[in-house]
Amino acid sequence: MSVRRAATQPFTFSDGTKLAVGDWACTPVRALMQSERFYPQALEFHGFRFARPEDMHSTPSHAFAFKQPEPSKLVDVNHAWHVWGIGRMACPGRYYATAAMKVIISQIIMNYDMKLINADAIRWFTWRSTMLPRKDTMVMFTPRTHTISTCHGEEAGDVCHGL
């Protein structure tokens, strides 16, 4: 659940559902994120689900075999993506948080191999309406001994970067 709101006055939703003063209303984020209406093949992993095909020049075309109904970005706030809240109460720091996450994750992906110490262990728990990682989940990070190249061709004028 997300976007928790307490009724400060009696309220009736368009479907007739009523809230009394002090009642709470929440949005079912997990149900939204697993809805085929918003996310085709929602329960399957698609690494390029939110990537724009025109930005992925060297990615095989089969990576985009399914279509996302509406293009989206991690910082979006809309009816199907409540990660940052919704409306005027949406997280104002989501742009900074997203930029920081992308830098950290890209450095981990480029520079380390990762492996769960116990792949069969339970890795999450629920608290209230939130799924959280267990603090005893252990991941082994091994520094890579090789570099990853971002060069996808060796034509004249190409700029290649070793990562």
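Note that residues are indexed from 1 along each chain, following the sequence as it is written. Local features in this predicted model are restricted to residues whose pLDDT is 70 or higher, and side-chain atom pairs enter the listing and the counts only when it is 80 or higher, whereas totals over whole chains, interfaces and linings include all residues. Side-chain numbers come from the whole structure's heavy atoms, not from hydrogens or water.

Caption draft 1: The side chain of T98, seen in detail. Runs of E in the DSSP output that reach at least two residues are strands. Runs of H or I that reach at least four are helices, and both are numbered from the N terminus. Residue position: T98 is located in helix 2 (residues 94-111). Buried means the residue's accessible area, taken with a 1.4 Å probe over protein chains only, is under 20% of the maximum for its type, while exposed means over 50%, and partly exposed covers the values in between. On the accessibility criterion, T98 (5% relative accessible area) is buried. Contacts were defined at the residue level, with two residues in contact if any of their heavy atoms lie within 4.5 Å. Contact partners of T98, with chain neighbours within four places excluded, come to L74, V75 and W84.

Caption draft 2: Up close: the packing of aromatic side chains. Pairing of aromatic side chains requires ring centres within 6.5 Å, counting the rings of Phe and Tyr and the six-membered ring of Trp. Pairs whose planes differ by under 30 degrees are stacked, by over 60 edge-to-face, and all others tilted. Scanning the model with the defined rule gives two aromatic pairs in all. Measuring from centroid to centroid gives 5.0 Å for F11 and F13, while their planes differ by 80°, and the two rings are edge-to-face. Taking the relative accessible area as the measure of exposure, F13 reaches 35% and is therefore partly exposed. An angle of 90° between the planes, with centres 6.2 Å apart, marks the rings of Y112 and F141 as edge-to-face. On the criterion of sequence distance, the pair formed by Y112 in strand 5 (residues 112-116) and F141 in strand 8 (residues 139-143) is long-range, its members being 29 residues apart. Looking at Y112, the relative accessible area reads 32%, which means it is partly exposed.

Caption draft 3: Structural context of the pattern of salt bridges. In what follows, salt bridge is the name for a side-chain nitrogen of Lys or Arg lying within 4 Å of a carboxyl oxygen of Asp or Glu. Within the structure shown, the criterion is met by two salt bridges. Notably, a salt bridge pairs D113 with R144, separated by 2.8 Å at the nearest N-O pair. Residue D113 is found in strand 5, and its partner R144 is found in the segment after strand 8; the two are separated by 31 residues along the sequence. Classification of R144 as partly exposed rests on a relative accessible area of 24%. The partner of R134 in a salt bridge is D136, with the nearest N and O atoms 3.1 Å apart. The partly exposed category is assigned to R134, whose relative accessible area is 33%. Judged by its relative accessible area of 47%, D136 is partly exposed.

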